[in-house]
Amino acid sequence: MTTLTHPPKPTTRPPVRRTKPTALSKWRRRFPLLPALIFTIVVTQLPFVATLVISTFQWNILRPDERRFTGLSNYTLVFTDERLRHAVLNTVVLTASVVVLSVLLGLGLALLLDRRFRGRGLARTLLIAPFLVMPVAAALLWKHAIYNPDYGLLNGTLNAVYRLFGAENGPTVDWISTFPMPALVIALVWQWTPFMMLILLAGLQAQPGDVLEAARVDGASALQTFRHITLPHLRQYIELGIVLGSIFVVQTFDAVFTITQGGPGSQTTNLPYEIYLTMFRKFEYGQAAAAGVIVVIGSIVIATFALRVVASLFREEASR
């Protein structure tokens, strides 16, 4: 005779009561971050506050007794002075040219590196190398090894081509003096194209493979696939590259100081270099501080758009 045994009834545990964290417990968790917060405030915010204060003074270090409070007159001067307006225009032209050309070249290189071929790893390493060179070293390389009218690579190549056609030597072109802004733009594009290439290459490798396969099965050409599938997918990555590149390029000082020094005739003087001239050549501390504050505000506006683009990328990845 067998006896039926019933499984034991599951025991229910009493619900765990979660107590709300007190103010003391919150501060205990935040206390380890307090030294880093204080260090960040001392290093970044206090100098910015000091810059704001200095920007409200008419202060020339050569005439220390004439220092006086002038309110927002320095900011008015920044927006009305012809020299500073010219520096703003040069900054916009330089930033837009470098960013647009870097994105286009980076997109082309990313499309090439997204394909499988022998030596792709070596090609990626070589193409990334310009971004790893220090800005001053890159500027010196372009100024002396490429643009120099006596022994630079460009004039040497022109002379070799002329000799192939029977001429003794070609014309000696001073590239920096003749084409100052294009010379500066080319040097910066060479430096920033790998940065754009990496961002866009990451976007290309994040494409869903089943969508591309379905497009090929449906008979879409490579151009149609790129136009209707790849390019819309890369839109946010392109926006991210443009915004981040604008933040960095708008603050360019090394290349301007090393290659052209703002000349000839202030044709390549951008805002950071103009701030340097105002501060260390004219010793107008108040005007330089006001121009610096305007550059910081412009960078913050661009950074806000960058953060929104990055947040949208994370939301898109999380929704997959």
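A quick note: this is a predicted structure, and the numbers were derived from the prediction, not measured.

Student: What is the right way to look at the packing of helix H4 (residues 82-113) against helix H11 (residues 222-249) in this model?
Tutor: Between two packed helices, what matters for the description is the angle formed by their axes and the separation of those axes. Across the interface, H4 lies against H11 with an axial gap of 10 Å and an inter-helix angle of 140°. Judged on the interaxial angle alone, H11 and H4 are oblique. As for the relative orientation of H4 and H11, their crossing is right-handed in sense. Two secondary-structure elements touch here, H4 through Leu94, Thr95, Val98, Val99, Val103, Leu107 and Leu111 and H11 through Phe226, Leu234, Ile238, Ile242, Gly245, Ser246 and Val249. Looking at the contact of H4 with H11 residue by residue, the class counts come to 11 nonpolar, three polar and no charged.

Student: It is not clear to me how the UniProt feature "transmembrane region" (unreviewed entry) in the chain should be interpreted in this structure. Could you clarify?
Tutor: Within the UniProt annotation, "transmembrane region" (unreviewed entry) is assigned to residues 33-59, 87-113, 125-142, 183-204, 237-259 and 288-311. Helix makes up 100% of residues 183-204 and strand 0%. Its end C-alpha atoms lie 31 Å apart. For residues 237-259, helix accounts for 83% and strand for 0%, while the C-alpha atoms at its two ends are 31 Å apart.

Student: Where do I start with the packing of helix H5 (residues 120-132) against helix H9 (residues 180-205) in this structure?
Tutor: Running from N to C, H5 and H9 point in directions that differ by 130°, and their axes come no closer than 6 Å. If you check the angle between H5 and H9, you find them oblique. The two elements H5 and H9 meet at a crossing, and its hand is left-handed. For the pair H5 and H9, the contacting residues are Arg124, Leu127, Ile128, Pro130 and Phe131 in the first and Trp190, Gln191, Trp192, Pro194, Phe195, Met197, Leu198, Leu201 and Gln205 in the second.

Student: Looking at this model, I keep getting lost on the UniProt feature "domain: ABC transmembrane type-1" (unreviewed entry) in the chain. Mind explaining?
Tutor: Here, the residues flagged by UniProt with the feature "domain: ABC transmembrane type-1" (unreviewed entry) are residues 88-306. The annotated region residues 88-306 carries 77% helix and 0% strand content, and the separation between its end C-alpha atoms amounts to 21 Å.

Student: Explain the side chain of Gln207 here, please?
Tutor: Along the chain, the position of Gln207 falls in the loop between H9 and helix H10 (209-217). You can call Gln207 buried: its relative accessible area is 13%. Apart from the residues within four sequence positions on either side, Gln207 is in contact with Leu212, Ile229, Thr230 and His233.

Student: I would appreciate a short explanation of the nonpolar core in the present structure.
Tutor: Soluble globular proteins: nonpolar side chains tend toward being buried together. Core analysis: the largest hydrophobic core is formed by 40 residues, its most contacted members being Leu94, Val98, Tyr147, Leu184, Leu188 and Ile259. Residue assignment for this core shows that the elements contributing at least two residues are H4, helix H6 (135-146), helix H8 (175-178), H9, H11, helix H12 (254-260) and helix H13 (271-280). Per-element tally for this core: the top contributor is H9, with 15 residues. For Leu188, the contacting residues outside a window of four places in its chain are Leu94, Val98, Thr252 and Ala255. Core analysis: the next-biggest nonpolar cluster, separate from the first, contains 11 residues, Leu84, Ala291, Val293 and Val295 among them.

Calculation criteria
- Position labels on residues start from 1 in each chain and follow its written sequence.
- Where totals are concerned, whole chains, interfaces and linings use all residues; where local detail is concerned, this predicted model gives features only for residues with pLDDT of at least 70, and gives and counts side-chain atom pairs only at 80 or more.
- Computation of side-chain values: all heavy atoms of the structure, hydrogens and water removed.
- Working convention: axes come from line fits to C-alpha atoms, limited for helices to the stretch in contact. Angles between N-to-C directions cover 0 to 180 degrees.
- Secondary structure elements follow DSSP: runs of H or I of four or more residues count as helices, runs of E of two or more count as strands, with numbering from the N terminus.
- Geometric relationships in this document are graded by angle, where less than 35 degrees denotes roughly parallel, more than 145 denotes roughly antiparallel, 65 to 115 denotes roughly perpendicular, and other angles denote oblique.
- A crossing counts as left-handed when the near helix is turned anticlockwise from the far one by less than a right angle, and as right-handed when that turn is clockwise.
- For this analysis, residues touch if any pair of their heavy atoms sits within 4.5 Å.
- Throughout, the ten residues Ala, Val, Leu, Ile, Met, Phe, Trp, Tyr, Cys and Pro are labelled nonpolar, Asp, Glu, Lys and Arg are labelled charged, and all others, Gly among them, are labelled polar.
- UniProt positions are given in the numbering used here, feature names are shortened, and annotations may be inferred rather than shown by experiment.
- Relative accessible area decides the class of each residue, using a 1.4 Å probe on protein chains only: under 20% of the type maximum gives buried, over 50% gives exposed, and in between gives partly exposed.
- The set of buried Ala, Val, Leu, Ile, Met, Phe, Trp, Tyr and Cys residues whose side-chain atoms join them within 4.5 Å is what this entry labels a nonpolar core.

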